[in-house]
Amino acid sequence: MSQQLQQWQSEIDATQSIRDLDDLKVKLLGKTGEITSLLKTLGTLPPEERKDRGAEINQLKLVVSDQMDNRRAILEEQELESRLASEKIDVTLSVRPEAVGSLHPITQVFGEIISYFSKFGFDIATGPEIEDEEHNFAALNMPDHHPARQSHDTFYFMPDESGIRKLLRTHTSTVQIRTLRQSQPPIRILAPGRVFRCDYDATHTPMFHQIEGLVIDKDINFGHLKSTVIEFCRHFFEIPDLKIRFRPSFFPFTEPSAEMDIGCDRSGGGIKFGKGDDWLEVFGCGMVHPNVLKNCGIDPDEYQGFAFGFGVDRFAMLKYGIPDLRSMFESDNRWLAHYGFSPFGGK
Ligand code: DAH
């Protein structure tokens, strides 16, 4: 019997892979395996021999199983090592162009705008998308029942136990309040993010993206605001002499307030910048209202500033010729392949 055991042990030691070992396991311990067959011979023995012989074969079976487990551990270790050796990744290799995904135009445009403003020392600030009326309206100088609240087509949640009604923020101006309450001037931030309004057609979707800018310091004036946004638009649209005009407007949180238009030509059906006599509204802006500063514990006699806000989706559509806003959010791969951007720069 020990000779037999030696034979099996050397067969186990000779296996070179988990697969070999599995095959051997079937050969010895499977339904018709050698050891299983030995057990089957017990029935042919006289009853007095059966007990000892049975115990002997079961012992053999245990030893062989143990041996196999040991061998399996060694083989697994070897297989892992050779896999680790063969699957080494050289991160310095260039990426295969066919394996690369693309950036959504919104992601691309966020990147372009953030990298422009960060050169001028703007920090990125964020706030929650689920907001309260205080941050979305009241602190922005729109007290209860202020008519401007109605123009926002707000998505409200049911009031909680304490009667507070949460909402999906309708603009990134909420981040002005969060920033002003958390930090001391001088402040220079850009707040990119999602906003929500109950509206849906070719130029409106219930979720869209805005960027808010806020600068607060001593002696900030409307000239700073004008040059900041004019230079940005000329840079963004890559037209150094892009025509720009400011129109007086009204926003509760700025005084004076303005809307900024860029010169364009609509004669050919589409829209072209840098020529023509038409105007397209792109920006809301103004000097931060003293009430907003007061609401955030900042003395308006000491500090002033300007704010601006605009729709990122609109900027992406205008710059990259995307005709319908709704297609941006349909996750259609063909659309993404057409309008997407290489993550390594360029189209
Ligand atoms: N929050 C405004 C909106 O969503 C846009 C806006 C206008 C932002 C003027 C500003 C601003 O910061 O000064 O319609």
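Describing the environment of Leu-75
Next, step 1: With respect to the secondary-structure elements, Leu-75 resides in helix H4 (residues 47-86).
Next, step 2: For Leu-75, a relative accessible area of 1% translates into the label buried.
Next, step 3: For the pair Leu-75 and Phe-329, spaced 254 residues apart in sequence, the C-alpha separation works out to 50 Å.
Next, step 4: Contact partners of Leu-75, with chain neighbours within four places excluded, come to Thr-15, Gln-16, Ser-17, Ile-18 and Leu-21.

Points about the domain arrangement of the protein chain
Next, step 1: Taken domain by domain, the protein chain comprises domain 1 (2-86) and domain 2 (105-339).
Next, step 2: Between the C-alpha centres of domain 1 and domain 2 there is a distance of 73 Å.

So, the site of the ligand
Next, step 1: If you check the shell around the ligand, you find 15 residues, and the closest are His-171, Ser-173, Arg-197, Gln-210 and Glu-212.
Next, step 2: Separating an oxygen atom of the ligand from a backbone N or O atom of Ala-307 is a distance of 3.1 Å.
Next, step 3: Within the contact set of the ligand, an oxygen atom lies 3.4 Å away from a backbone nitrogen or oxygen of Phe-308.
Next, step 4: The fraction of the free accessible surface of the ligand (360 Å²) that becomes covered by protein chains is 91%.
Next, step 5: A molecule is said to occupy a pocket when more than half its atoms come within 2 Å of that pocket's grid points, and by this definition the ligand occupies the largest pocket.
Next, step 6: Listed by contribution, the elements that provide at least two residues to the shell around the ligand are strand E5 (207-217), strand E9 (278-288) and strand E10 (304-311).
Next, step 7: For the shell around the ligand, the class distribution of residues is five nonpolar, eight polar and two charged.

Quick look at the nonpolar core
Next, step 1: Counting 44 residues, the largest nonpolar core has Phe-232, Phe-283 and Phe-308 as the members making the most contacts within it.
Next, step 2: Of all the elements in the fold, those that place two or more residues in this core are helix H5 (105-118), E5, helix H9 (222-236), strand E7 (254-265), E9, E10, helix H11 (312-320) and helix H12 (333-339).
Next, step 3: Setting aside residues no more than four positions away along its own chain, Phe-283 makes contact with Val-229, Phe-232, Cys-233, Ala-258, Glu-259, Met-260, Phe-308, Gly-309, Phe-310 and Phe-315.
Next, step 4: Core analysis: the second largest hydrophobic core is formed by 23 residues, Phe-137, Ala-139, Ile-216 and Ala-307 among them.

About the thresholds
Residues numbered from 1 in each chain as written. Predicted model: local features only at pLDDT ≥ 70, side-chain atom pairs only at ≥ 80, totals over all residues. Heavy atoms only, no water. Helix = DSSP H or I, 4+ residues; strand = E, 2+ residues; numbered from the N terminus. Buried < 20%, exposed > 50% of the residue type's maximum accessible area, 1.4 Å probe, protein only. Contact = heavy atoms within 4.5 Å. Domains from an automatic or database assignment. Near = heavy atom within 4 Å. Polar contact = N/O pair within 3.5 Å; in protein donor to acceptor, adjacent residues only side chain to side chain. Areas by Shrake-Rupley, 256 points an atom, 1.4 Å probe, with all protein chains shown as cover. 1 Å grid on protein atoms, 1.4 Å probe; cavity = no way out; pocket = protein on both sides within 12 Å on 5 of 7 lines; lining within 4 Å. Sits in = over half its atoms within 2 Å of the grid points. Nonpolar A, V, L, I, M, F, W, Y, C, P; charged D, E, K, R; others polar. Core = buried A, V, L, I, M, F, W, Y, C linked by side-chain atoms within 4.5 Å.

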